[in-house]
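A closer look at the structure
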Amino acid sequence: MTGHPVPGPADALVRFEQVKKSYDGLQYVVKDLNLDVAKGEFLTMLGPSGSGKTTTLMMLGGFERPTLGRILLDGKPVERLPPEKRNIGFVFQNYALFPHMTVAENVAFPLRYRGIRGQAAAAKVAQALGRVGLETMGDRRPAQLSGGQQQRVALARALVFEPSLVLMDEPLGALDKQLRERMQVEIKHLQTSLGITMVYVTHDQSEALTMSDRIAVFHDGRIQQLADPQTLYNAPENRFVAGFIGENNTLPCTAVGQEGGLQVVRMADGTVMRACGASGTDLTLSVRPENIALAGGTPPAGANLFSGTVTDVFFLGDHMRLSVVAFGGQTVTARIPVAAARAFAPGEVVHLACQPADCRLLED
Amino acid sequence: MAETYDIERIRTFVAVRRAARPARRAALSLALPLVGFLLVAFVTPILYLLVTAADNPETRTVLPQTLVALEEWDGRSTPEEPVFAAFAADMKAAEASSTAALVGKRLNYELPGMRSKVLAAARMAAKMESGPYRQAFLDKDRIWAAPETWAVIQRNGARLTPYYLLTAVDLKQSPSGGLERVEPDQAIFLAVLGRTLLVAGMVTALTLILGYPVAYVLTIAPKGIAAVMMLMVLLPLWTSLLVRTTAWVVLLQSDGVINSVLLALHLTAEKVQLIFTRIGTVTAMTHIQLPFTILPIYSVMRSIPATQLRAARSLGSGPTSAFWRIYAPQTLPGVVAGCLMTFILSLGYYITPALVGGPQDQMVSNFIAVYINRDLNWGLAAALGVVLLVVTLAIYGLFLRLVGADKIKLG
């Protein structure tokens, strides 16, 4: 899907209209971007590096100017407005705290440009630091704080002047896994309780799934799919999205017909499977590892059945991970819950099953 | 139980120290060659310099008997015959070993005209078979009747003298032993020191004004352009100081390139005096010192993330305000390091002021060179060196106090 046309709802805070960006005049890093962000929405731009997501965020923040197209903020075009006139909170990848100022001075920095000084400023700083649980840290220097605390200061600084829109550029990338997961929850809480609109950039799909109202998957300068996390996970619209969000087995196949609302396809080795989704000649069948089960004595009615040779077995606590060669040379990964598993040996032939509803056909 | 615990702790401590011993020895042996080199080539000359600035051997070695005889002298009247007899004996020995000129020169620093009078006295003493000597010397020159003459001789019998160090800061010992300023027509060294500090300060300020923007452009320029710019910054460092200074002589002289261009463009009606002026000296020194100021600033600027300015802008700060409130304060360690380096190096400049500057632009180093090469007055040269060293250390210490050691970053 390209140029996802969104009919303009009245409450769109941000609107990209036909935005293109090129740095060298030869290649577009952002190609024909149309995107609306609603008031109060948490929108994540997800994609690999070089997909155009960060450039899009920088254009919204005012640090890059679109080569073509318009960006509307609250209905007003802002392409030519410098960052300091946009009143947008921005949290940078490495926090960009000012090392020569204390935490309180960092947080008070945006207030002085809005004419808030003295007692009023101190009260706002205290409130902002309290919101992120750092009320006692005001006198410290950023270098004296841990990574997670620095992240919170950056957050407090971006929120203290009560912007209606906050942008975040991979803000949790430098934190370890546990802290990252805790911060995801905290940021989401802050966003909903303060009713801020947030545009968040990340390359971490689990982060995107956890926090977002909607996710725009970027690849090659275009939005590949714009949807809520569940739709994105369960119904990817193309191969890229299917491969990028979660784990997926993508298997080549050809359509042979239809049967009861389902597509019938033939796999590389001639096995016939049923699946839902697009029709066409060169197709890819996508099925998630957790949707492949062992075919027991009586397989469920209507399930696709296939068999393969086990190459690797890994025990992962709550499940076993099985790598199987099937369909004449394709590697298929299956997640078998430990309760349903038994001992497997490499080289043994196993029979597997998956429901047609879990098999999606994608066009290349 | 407590005792065993303590012994256990001491044992652990000793074991830890012992385990680290090979690594300590290895580290020490790696540093040893440089430490040795510094001791021989740096510390020893400085100690020698300190000693030379106060050493006073001439009177002691040439007039030993006179000094012994002067111990009985009352210090107020013309000495009696025994002093003159001893003096005559010393002078005879001095004439024989041609050392009279040494003591004559030394006494001449404090009593102008003494050099020729000592030489004449030595020649006369050599011709005399026997005494009485007192009347003979008094007849030869009235200076031998003056108690001040003998007081100076007596004072210089000491192993060390404050004379050179005092002279280097325009002070002298009064006859009563206190300190007083030298006569205005002889007071030159404080003015020279002030001039040295002024020129070093002007050069430092100019390199900062010219170098700071260059360092900034270097950090934000695309890689290829930055590499070419860096080459241009470093190029002066790879050419000999003498060659660069001579090049400035060629450019600045009355019939030089700069004057020709100015005349050809009708910017000036007649030739401008550029060489042998303060402007010429400061220009040439600024050119030579620029890399020393730029490089520390550049290396500090490179460590400041570009997102710092962006963050400031996003928080509502305009470009100018963001620069002064966020960027400039973070470059301060580099600015201090670069300025300190250029200032201290400029204090010791010699070749450039000598070739490009006029008489009014000669710095302390030039005077040191004059006293070593022309006047052979090593004591005063060493004393000026000591003053320069003390001033340099004082300025370094002042910077450390003002900005803190952690605020100075060379790289």
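Residues numbered from 1 in each chain as written. Chains lettered and ligands numbered in written order. Predicted model: local features only at pLDDT ≥ 70, side-chain atom pairs only at ≥ 80, totals over all residues.

Focus: the overall build of chain A
- Within chain A, the secondary structure is distributed over eight helices and 20 strands.
- On the principal axes, the C-alpha backbone points of chain A span a range of 75 × 45 × 35 Å.
- Each of the 364 residues in chain A was classed as buried or not, and the buried ones make up 41%. (Helix = DSSP H or I, 4+ residues; strand = E, 2+ residues; numbered from the N terminus. Buried ≥ 20, exposed ≤ 12 C-beta atoms within 10 Å, placed from the backbone.)

Topic: the interface of chain A and chain B
- Taken together, the contact between chain A and chain B spans 18 residues of the former and 14 residues of the latter.
- If you list the elements that add at least two residues to the side of chain A that touches chain B, you get β6 (88-91) and α2 (103-112) of chain A.
- Here the residues of the side of chain A that touches chain B sort into 12 nonpolar, three polar and three charged. (Contact = placed C-beta atoms within 7 Å. Nonpolar A, V, L, I, M, F, W, Y, C, P; charged D, E, K, R; others polar.)

Focus: the sheet that holds strand β4 (residues 68-73) of chain A
All names here are of chain A.
- The four strands are arranged β2-β1-β4-β5 in an open sheet whose pairing can be described as antiparallel. Whereas interior strands pair on both sides, the edge strands pair on one side only; in this sheet they are β2 (28-38) and β5 (76-77).
- Bridging between strand β1 (residues 12-22) and β4 involves five bridges; their strand directions are antiparallel. Residue V14 lies in a different strand from β4, and its bridge partner there is L73. (Pairing = 2+ DSSP bridges.)

Brief notes about the packing of α2 of chain A against helix α4 (residues 147-159) of chain A
Residues and elements named next belong to chain A.
- Close contact between α2 and α4 brings their axes to 7 Å; oriented N to C, the two are set at 25°. In terms of axis orientation, α2 runs roughly parallel to α4. Viewed along their axes, α2 and α4 form a crossing whose handedness is right-handed. Residues V103, N106, V107, F109 and P110 of α2 touch α4, and the partners they reach there are V153, A156 and R157. (Axes fitted to C-alpha atoms, helices over the stretch in contact; angles between N-to-C directions. Parallel < 35°, antiparallel > 145°, perpendicular 65-115°, else oblique. Left-handed = near helix turned anticlockwise from the far one by under 90°.)

What to know about the packing of helix α6 (residues 114-127) of chain B against helix α7 (residues 133-140) of chain B
Residues and elements named next belong to chain B.
- The geometry of α6 relative to α7 is characterised by a closest axis approach of 11 Å and an angle of 140° between their N-to-C directions. With respect to α7, the element α6 is oriented oblique. The handedness of the crossing between α6 and α7 is right-handed. Packed against α6, whose contacting residues are A120, A121 and M124, the element α7 presents A136, F137 and K140 at the interface.
- Its residues placed into classes, the contact of α6 with α7 shows five nonpolar, no polar and one charged.

Here's the deal with the pairing of strand β7 (residues 165-169) of chain A
Residue and element names in this part refer to chain A.
- For β7, the buried fraction is high: five of the five residues fall into the buried class.
- Along β7, one buried face is formed by L165, L167 and D169 and the opposite face, lined by V166 and M168, is buried too.
- Of the pairings in the sheet, the one linking β6 to β7 comprises four bridges and is parallel in character. Bridge pairing in β7 links F90 to L167.
- Across five bridges, β7 lies against strand β8 (residues 197-202) in parallel orientation. From the neighbouring strand, V166 faces β8, where its bridge partner is M198.
- Following the backbone out of β7, through helix α5 (residues 177-194) and into the adjacent parallel β8, one traces a crossover that is right-handed. (Right-handed = clockwise from strand over helix to strand, strands pointing away.)

Details of the pairing of β8 of chain A
- Within β8 of chain A, six of the six residues are buried, which leaves it mostly tucked inside the rest of the structure.
- Of the two faces of β8 of chain A, the one holding T197, V199 and V201 of chain A and the one holding M198, Y200 and T202 of chain A are both buried throughout.

Concerning the sheet that holds strand β12 (residues 262-267) of chain A
Residues and elements named next belong to chain A.
- Here five strands make up a closed barrel; going around it, the order is β11-β12-β13-β20-β14 and the pairing mixed. Sheet twist, expressed as the mean angle between neighbouring strand axes with direction ignored, is 55°.
- As defined by bridge partners, β12 adjoins strand β13 (residues 272-277) across four bridges and the pair is classed as antiparallel. When the sheet's bridge partners are listed, V265 is paired in β13 with M273.

Observations regarding unusual backbone geometry
Residues and elements named next belong to chain A.
- Unusually for a residue other than glycine, N87 sits at a positive phi of about 55°.
- Examined against the element boundaries, N87 turns out to sit in the loop between β5 and β6.
- Even without glycine at this site, F327 takes up a positive phi of about 50°.
- Secondary-structure assignment places F327 in the loop between β17 (319-326) and β18 (330-337).
- On the basis of neighbour count, F327 is assigned to the buried category, with 21 C-beta atoms found within 10 Å.

Regarding the environment of L380 of chain B
Residue and element names in this part refer to chain B.
- Tracing the chain through its elements places L380 in helix α19 (residues 378-403).
- When the 23 C-beta atoms within 10 Å are taken as the criterion, L380 is described as buried.
- Remark: the alpha-carbon pair of L380 and A53, spanning 327 residues in sequence, is separated by 6.5 Å.
- Contacts of L380, omitting those with residues within four sequence positions, involve Y164, T167, A168 and Y371.

Here's the deal with the confidence of the model for chain B
Residue and element names in this part refer to chain B.
- Across chain B, the average pLDDT comes to 90, with 98% of residues at 70 or higher.
- Within chain B, no element has a lower average pLDDT than strand β1 (residues 171-173), which sits at 87, and none a higher one than helix α10 (residues 189-220), at 95.
- Across the assembled chains, the prediction reports ipTM 0.83 with pTM 0.80. (pLDDT = per-residue confidence, 0-100.)

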